[in-house]
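# Structure assessment
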Amino acid sequence: MTSALTPFQSNHFDTTPQSVHIELGARSYDIRIGHGIWADPQTWQGLPKAAMALIVTNDTVGPLYEAQLRDAIQSHYPRVETVVLPDGEAHKDWQHLQLIFDALLTHHADRKTVLFALGGGVVGDMAGFAAATYMRGVPFVQVPTTLLAQVDSSVGGKTGVNHPAGKNMIGAFYQPSRVICDLSVFETLPDREYAAGLAEVLKYGPIADVAFLDWLEANVLGLQQRDPGVLVQAVRRSCEIKAWVVAQDEREGGLRAILNFGHTFGHAIEAGMGYGEWLHGEGVAAGMVMASELSVRLGLLPAEQAARFKSLLQSVGLPVIGPRLPTSGDTQQAQVYLDLMRVDKKAEAGEIRFVVWRDQQVAGVQTASDELVADVIHACLSH
Ligand code: NAD
Ligand code: GLY
């Protein structure tokens, strides 16, 4: 049974820090959101105490923010150490995970040592998985520095690394002690990464909250310009919706799958183009256009609503047309997409399950015939 989502409160644009609670019984925690909140001692109060903290970061984010984070936490931890991973999805693997364990052991970390994940989703997923498994579990704090990580990957406890045979195939559900979203870090975030994060923000409208979608549409200029007041509200509402979903279905037995709206098509784009060619959020954007078109053709959504959403994605600089994927021989494009989508984690017995947008309702998950999906793909591809 689905509990009601609190209505979206959109009557203020101030930059006052916000807090979102994620209710998971003994594993509950808060997400703190605001500009410059690292400098506020309250941000760090009440975290698990320990003799040592280990900052996990990468060689792009570390030089920008490690010293600032160290300053913020060093009055709480007698010793603060750092491990720096090479940047990039290509290094989100078992071998580089080992660097975190090496650092923990070299510095004699004990069962109370607290890990701080300072970076985007790659660092957050890896540090979280190291925390889940070092000495069978130590506390960790998410300090996300991309928009995507603040509204999605740092919240909800999915952690892990890639395997050569598949993305995020090795991992654990393991919740952080807190998520600290300081929006000041967006000052250095490249435009392309920022836009990719906006895809995940916009996703929350179709899956659960049309009022939020209308608000995002009305404030598109503020989103484009990274307006501080608009961003505080957008990140807060995104986290509220994710917290609402995760609190009901922490381990993805059902409802949590709606967070993957557009991702089935998007993963096919990412994998088909070769990882790194399209950013995750870019694949999700073009994928959400396809998922909306499928929803229209299934009679679940008015065509005008799908068209408005497509324009909104386009206006924040996201791709809305799917790429033609490299094929061997003369395999039809739709077939290439379908073959890639059959390895999606939501597929059951080879049958692809799509998250669909249902007008004025929470999204749902359902199957569709290959013929219908092929028509949708053809309609949404570049020609
Ligand atoms: P990312 O971690 O690769 O970061 C993107 C790039 O931005 C990197 O080069 C990074 O070093 C750089 N960067 C980060 N913060 C910066 C800043 N403030 N200034 C300048 N540069 C900065 O990518 P991402 O989009 O944050 O995350 C993608 C990863 O998240 C994928 O591995 C994906 O599988 C994972 N993910 C996990 C979940 C989950 O629920 N756990 C959900 C969605 C995505
Ligand atoms: N990003 C999908 C999830 O957290 O379930």
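Described in the following lines is the structure provided in the data block. Everything numeric in this text was worked out from a predicted model, so none of it was measured.

Scoring rules and cut-offs
- Residues numbered from 1 in each chain as written.
- Chains lettered and ligands numbered in written order.
- Predicted model: local features only at pLDDT ≥ 70, side-chain atom pairs only at ≥ 80, totals over all residues.
- Heavy atoms only, no water.
- Pairing = 2+ DSSP bridges.
- Helix = DSSP H or I, 4+ residues; strand = E, 2+ residues; numbered from the N terminus.
- Axes fitted to C-alpha atoms, helices over the stretch in contact; angles between N-to-C directions.
- Contact = heavy atoms within 4.5 Å.
- 1 Å grid on protein atoms, 1.4 Å probe; cavity = no way out; pocket = protein on both sides within 12 Å on 5 of 7 lines; lining within 4 Å.
- Points joined across faces, edges and corners; volume = space filled by probe spheres on them.
- Nonpolar A, V, L, I, M, F, W, Y, C, P; charged D, E, K, R; others polar.
- Expected span 1.5 Å × (residues − 1).
- Buried < 20%, exposed > 50% of the residue type's maximum accessible area, 1.4 Å probe, protein only.
- Salt bridge = Lys/Arg side-chain N within 4 Å of Asp/Glu carboxyl O.
- Parallel < 35°, antiparallel > 145°, perpendicular 65-115°, else oblique.
- Near = heavy atom within 4 Å.
- Polar contact = N/O pair within 3.5 Å; in protein donor to acceptor, adjacent residues only side chain to side chain.
- Areas by Shrake-Rupley, 256 points an atom, 1.4 Å probe, with all protein chains shown as cover.
- Lys, Arg positive; Asp, Glu negative; His and termini not counted.
- Phe/Tyr/Trp six-rings, centres within 6.5 Å; stacked < 30°, edge-to-face > 60°.
- Lys NZ or Arg CZ within 6 Å of the ring centre and 35° of its normal.

Attention now moves to the sheet that holds strand β1 (residues 18-22). The strand order β1-β2-β9-β6-β5-β3-β4 describes an open sheet built from 7 strands, whose pairing is mixed. Because the sheet does not close on itself, it has two edges, and the strands there are β1 and β4 (79-85). When strand polarity is set aside, the average angle formed by the axes of neighbouring strands in this sheet is 15°. Pairing of strand β2 (residues 29-34) with strand β9 (residues 178-182) involves 5 bridges; the strand directions are parallel. What sits directly across from Gly34, in β9, is Asp182. Sheet strands touched by helix α3 (residues 121-133): β3 (52-58), β4, β5 (114-119) and β6 (140-144). Its angle to β5, the strand with the most contacts, is close to 165°.

All chains considered together, the criterion is met by 1 cavity of 30 Å³ or more. In this structure, the largest cavity encloses a volume near 40 Å³. If you go around the largest cavity, the residues you meet are Leu213, Glu217, Gln305, Arg308, Phe309 and Leu312. Of all the secondary structure elements, the ones that give two or more residues to the lining of the largest cavity are α6 (210-218) and α11 (303-315). With 4 residues, α11 is the single largest residue contributor to the lining of the largest cavity. Here the lining of the largest cavity is built from residues that sort into 3 nonpolar, 1 polar and 2 charged.

Here helix α5 (residues 191-208) spans 27 Å end to end across 18 residues, near enough to the 26 Å set by a 1.5 Å rise per residue. Of all 18 residues making up α5, 15 are buried, and the element is well covered by its neighbours.

Applying the stated criterion across every chain yields a total of 18 salt bridges. Of the charged contacts in the structure, one is a salt bridge between Arg237 and Asp209, with a shortest N-O distance of 2.8 Å. With a gap of 28 residues between them, Arg237 in helix α8 (residues 228-248) and Asp209 in the loop between α5 and α6 connect regions that are remote in the sequence. In this structure, Arg237 and Asp209 share a single accessibility class: buried. Two residues, Arg342 and Asp370, come together in a salt bridge whose shortest N-O distance is 3.2 Å.

Backbone geometry places Asn168, a non-glycine residue, at a positive phi of 55°. Examined against the element boundaries, Asn168 turns out to sit in strand β8 (residues 166-173). With a phi angle near 55°, Glu252 is a residue other than glycine that sits in the positive phi range. With respect to the helices, strands and loops of the structure, Glu252 is situated in the loop between α8 and α9 (263-273). Given a relative accessible area of 26%, Glu252 falls into the partly exposed group.

Right, let's talk about the packing of helix α10 (residues 280-297) against α11 for a bit. Two elements in contact, α10 and α11, have axes whose closest approach is 9 Å; the angle formed by their N-to-C orientations is 175°. Relative to α11, the element α10 is oriented roughly antiparallel. Of the residues in α11, those touching α10 at Ala285, Met288, Val289, Ser292 and Val296 are Ala303, Ala306, Phe309, Lys310 and Leu313. Taken together, the residues of the contact of α10 with α11 break down into 8 nonpolar, 1 polar and 1 charged.

Glancing now at the pairing of β3. Burial runs high along β3: 7 of the 7 residues are buried. Neither face of β3 is open: one carries Met52, Leu54, Val56 and Asn58, the other Ala53, Ile55 and Thr57, and all of them are buried. Pairing between β3 and β4: 7 bridges, direction parallel. Among the inter-strand pairings, Ala53 is bridged to a residue of β4, identified as Val80.

Okay, the site of ligand 1 next. In the vicinity of ligand 1 there are 26 residues, among which Asp87, Glu89, Thr145, Thr146 and Thr188 approach most closely. Contacts to ligand 1 include Val122, whose backbone N or O atom sits 3.1 Å from an oxygen atom. Here Thr188 contributes a side-chain N or O atom positioned 2.7 Å from a nitrogen atom of ligand 1. If ligand 1 stood free it would expose 870 Å²; the protein chains cover 88% of that surface. Among the residues making up the shell around ligand 1, the classes are represented as 8 nonpolar, 9 polar and 9 charged.

Turning to the side chain of Asp93, a few remarks are in order. You can see Asp93 is positioned in the loop between β4 and α2 (94-106). Despite being buried, Asp93 has no salt bridge partner; Lys92 is the closest side chain of opposite charge, sitting 11 Å away. Dropping the residues within four chain positions of it, Asp93 is found in contact with Met126, Val161 and Asn162.

Here the focus is the packing of aromatic side chains. This structure, assessed with the given rule, holds 12 aromatic pairs. Look at Phe212 and Trp215: their rings are 6.2 Å apart centre to centre, the planes differ by 15°, and that puts the pair in the stacked class. Taken as a pair, Phe212 and Trp215 lie in helix α6 at a separation of 3 residues, close to a single helical turn. For Trp215, a relative accessible area of 7% translates into the label buried. In this structure an aromatic cluster arises from ring pairing among Phe8, Phe212 and Trp215. Cation over ring: Lys203 sits above Tyr204, and NZ or CZ is 4.9 Å from the ring centre.

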